[in-house]
Amino acid sequence: MDSEQLREYGHRMVDFIADYYKTIENFPVLSQVQPGYLHNLLPESAPEQPETLEQVLDDVKEKILPGVTHWQSPSFFAYYPANSSVAGFLGEMLSAALNIVGFSWVSSPAATELEMIVLDWFAKLLNLPEQFLSKGNGGGVIQGTASEAILVVMIAARDKVLRSLGKKALEKLVVYSSDQTHSSLLKACQIAGIHLENCRMLKTDSSTNYALRPESLQEAVSKDLEAGSIPFFLCATVGTTSSTAVDPLAALGKIAKSNEMWFHVDAAYAGSACICPEYRQYIDGVETADSFNMNAHKWFLTNFDCSLLWVKDRYALTEALSTNPEFLKNKASQANLVVDYKDWQIPLGRRFRSLKLWMVLRLYGAETLKSYIRNHIKLAKDLQQLVSQDPNFEVVTPRIFSLVCFRIAAVDNDDEKTCNNLNRSLLDAVNSSGKLFISHTSLSGKFVLRLAIGAPLTEEKHVMDAWKVIQEEASFLLASQAV
Ligand code: PLP
């Protein structure tokens with residue numbers, strides 16, 4: 001590592017990146033390349049001799065950027081956001097600079113201790129129950145993704161049950177969630193060895209805005225108990241991926257507790273909003289949960305990846321996931337004086353991710369972060385109103401946070417299939433315009449468009465422009481259909 005070369009190249013790279021952000025609106029939001037495009041543009045093998053930074057950056061401009069979908073564009077409204085910010089970015093830079101591997105406390109004490117402190121700060125912002133703080137048996141940990149968070153708590157829950165009932169009980173273990181739960185839950189079941197026929201994805205519908213009904217859970221649990229199965233894991237979601245449905249945590253938690261199940265709450269996207277007192281109600285009932293996760297890398301100005309997980313019983317995690325090879329033994333760990341995060345996660349190695357979250361919290365402060373969230377929610381509220389005022393469209397589910405679910409409304413003689421095809425065509429037309437990027441979902445057989453507001457650069461004008469493009473493309477499609 002040559003410090004002077006780093007200084008020179010680093011300045012050039014920062015200039016390159018700053019220019020990218022300055023001109024980001026000039027790019028088509030959704031990359032318009034065809035599969036395999038890059039293969040024809042790059043050589044068959046790695047260079048034998050060093051090339052210059054200029055050559056590489058030229059290739060980034062000409063060959064890489066056309067294949068990039070611009071998640072940081074102010075007109076990116078697809079999926080859920082993946083926030084970048086100056087603070088998050090600087091934290092990433094610092095983490096890359098130190099490049100430590102903080103598997104155990106001793107491998108870099110600051111990494112473990114800062115992570116514990118920052119997760120305690122965050123738990124307090126969310127007003128999580130005290131048992132999730134690190135001063136007792138609980139605590140927080142940063143995972144790469146929500147999928148990993150859900151997997152590790154499921155493994156912890158599984159092993160806790162199997163320790164008391166014996167390994168043979170595995171085939172009787174049953175997992176519950178709604179049919180709106182993120183697919184990461186099923187993936188966790190696959191990896192944890194839970195039989196897929198024992199995964200109850202309970203049906204939801206528009207009568208509860210796609211939230212899980214406690215009666216459905218109770219009914220399913222009773223049926224399983226009668227059949228001799230063992231209910232062991234419930235995953236509720238606050239802000240589902242399709243439509244931001246909010247499962248009623250308190251009522252569900254009560255059923256989970258009376259049946260000695262592990263209760264996990266997934267608030268990957270909507271958790272960020274819950275730092276605002278007026279949205280905290282959506283996680284009321286989290287007191288009954290054993291674990292809770294939210295992604296700071298979605299809607300909290302913290303660059304990917306930074307998925308926060310809290311547990312009430314850290315020993316459930318460590319008993320399932322700890323290893324203690326000779327080459328990692330050290331006095332602090334042996335004396336049980338420290339947390340070794342390697343035992344709270346799947347991999348051994350881990351990055352110094354808390355630095356970027358710490359920088360976000362410090363450089364912006366909680367008040368600014370709350371305003372940031374509120375602004376996106378206000379923009380979504382305004383958009384929802386515009387959609388509901390346009391007779392060509394309908395809002396499909398009530399908006400709660402910053403996602404609007406809508407579609408071209410079916411007219412009397414349209415069957416569902418025709419209406420779905422029309423909306424599919426609208427999605428393609430809008431996204432191939434390059435002016436914005438939205439995504440879709442399916443609710444009760446309806447093809448639904450999703451517009452999620454949450455990119456840091458998004459302002460009112462971007463939302464209004466997006467809506468104009470959607471209206472124009474819809475008018476065009478409707479007119480051509482009428483011919
Ligand atoms: N849970 C919910 C509610 C989500 O919306 C998502 C992704 O959007 C996930 C889990 C999976 O997130 P990750 O990509 O961090 O695994």
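A quick note: this is a predicted structure, and the numbers were derived from the prediction, not measured. (Residues numbered from 1 in each chain as written. Predicted model: local features only at pLDDT ≥ 70, side-chain atom pairs only at ≥ 80, totals over all residues.)

Asker: Got a minute to help me understand the overall build of the chain in this structure?
Answerer: Assigned secondary structure in the chain consists of 15 helices and 11 strands. Here the C-alpha atoms of the chain give a radius of gyration of 24 Å, agreeing with the 23 Å that 2.2 N^0.38 yields for 483 residues. Here the chain holds 483 residues, and the buried ones make up 43% of them. A separation threshold of at least 6 residues defines the contact pool for the chain, and within that pool the share at least 24 residues apart is 74%. (Helix = DSSP H or I, 4+ residues; strand = E, 2+ residues; numbered from the N terminus. Rg over C-alpha atoms; globule rule 2.2 N^0.38 Å. Buried ≥ 20, exposed ≤ 12 C-beta atoms within 10 Å, placed from the backbone. Contact = placed C-beta atoms within 7 Å.)

Asker: Sorry if this is basic, but what is going on with the site of the ligand here?
Answerer: Not every one of the 14 residues close to the ligand is listed here, only the nearest: Thr 145, Ala 146, Ser 147, His 182 and Ala 268. Residue composition of the shell around the ligand, by class: 4 nonpolar, 9 polar and 1 charged. (Near = placed C-beta within 6 Å. Nonpolar A, V, L, I, M, F, W, Y, C, P; charged D, E, K, R; others polar.)

Asker: Would you explain the domain arrangement of the chain in this entry?
Answerer: In many analyses, interface size is given as the accessible surface area lost on bringing the parts together. Looking at the chain, the domain boundaries give domain 1 (1-30 + 69-84 + 366-483) and domain 2 (101-351). The centre of domain 1, based on its C-alpha atoms, is set 30 Å off from the matching centre of domain 2. If you list the elements that add at least two residues to the side of domain 1 that touches domain 2, you get helix H13 (354-389), strand S9 (403-408) and strand S10 (439-443). Here the side of domain 1 that touches domain 2 takes 7 residues from H13, the largest share from any one element. Partitioning the side of domain 1 that touches domain 2 into residue classes produces 15 nonpolar, 6 polar and 2 charged. (Domains from an automatic or database assignment.)

Asker: Can you walk me through unusual backbone geometry in this structure?
Answerer: Most of the time, phi is negative for any residue but glycine, and the peptide bond is trans. Note that the residue after Phe 304, namely Asp 305, is joined by a cis bond; omega there is 5°. Residue position: Asp 305 is located in the loop between helix H10 (296-299) and strand S7 (307-311). Phi at Asn 336 is positive, roughly 60°, even though this residue is not glycine. Tracing the backbone through its elements, the reader meets Asn 336 in the loop between helix H12 (331-334) and H13.

Asker: Which parts of the structure should I look at to understand the sheet that holds S10?
Answerer: To summarise the sheet geometry, strands pair through backbone hydrogen bonds and adopt either a parallel or an antiparallel arrangement. Taken in spatial order, the 4 strands line up as S8-S9-S11-S10 in an open sheet, and their pairing is antiparallel. Where the open sheet ends on each side, the last strands, each with one partner, are strand S8 (393-397) and S10. When the angles between neighbouring strand axes are averaged without regard to direction, this sheet yields 45°. Strand direction decides the pairing type here: S8 and S9, joined by 4 bridges, are antiparallel. Note on S9: the bridge partner recorded for Phe 393 is Ile 408. (Pairing = 2+ DSSP bridges. Axes fitted to C-alpha atoms, helices over the stretch in contact; angles between N-to-C directions.)

Asker: Can you help me understand the sheet that holds strand S6 (residues 291-295) in this one?
Answerer: Overall, mixed pairing links the 7 strands, which are arranged S1-S7-S6-S5-S4-S2-S3 in an open sheet. Two strands bound the open sheet, and with one partner strand each, they are strand S1 (139-143) and strand S3 (199-202). Taking each pair of neighbouring strands and ignoring which way they run, the sheet shows an average axis angle of 20°. Summarising the sheet, S1 and S7 pair through 5 bridges and their orientation is antiparallel.

Asker: Would you explain the environment of Ala 410 in this entry?
Answerer: Relative to the helices and strands, Ala 410 resides in the loop between S9 and helix H14 (416-432). On the neighbour-count criterion, Ala 410 (16 C-beta atoms within 10 Å) is partly exposed.

Asker: Honestly, the pairing of S7 in this entry has me stumped. Any pointers?
Answerer: Sheet faces and side chains relate simply in a regular strand, where the side chains alternate between the two faces. Taken across its 5 residues, S7 has 5 buried, putting it largely inside the fold. Alternating positions in S7 separate into two faces, Ser 307, Leu 309 and Val 311 on one and Leu 308 and Trp 310 on the other, with burial throughout. Examined bridge by bridge, S6 and S7 share 5 bridges and lie antiparallel to one another. Considered in S7, the bridge of Ser 291 is made with Val 311.

Asker: Would you take a moment to explain the nonpolar core for this structure?
Answerer: Across soluble globular proteins, nonpolar side chains have a tendency to be buried as a group. Within the largest apolar cluster, 127 residues are counted, with the highest numbers of intra-cluster contacts made by Phe 77, Ile 150, Val 153, Phe 233, Leu 234, Val 265 and Ala 267. Per-element accounting of this core gives the leading share, 12 residues, to H13. The residues that make up this core include at least three from each of domain 1 (1-30 + 69-84 + 366-483) and domain 2 (101-351). If we skip the residues at most four places from it in the chain, Leu 234 touches Tyr 176, Ser 177, Leu 252, Ala 256, Met 261 and Phe 263. (Core = buried A, V, L, I, M, F, W, Y, C linked by C-beta atoms within 7 Å.)

Asker: Would you take a moment to explain the environment of Gln 471 for this structure?
Answerer: Residue position: Gln 471 is located in helix H15 (residues 460-482). For Gln 471, a count of 15 C-beta atoms within 10 Å corresponds to the partly exposed category. As a C-alpha pair, Gln 471 and Leu 119 span 352 residues in sequence and 43 Å in three-dimensional space.

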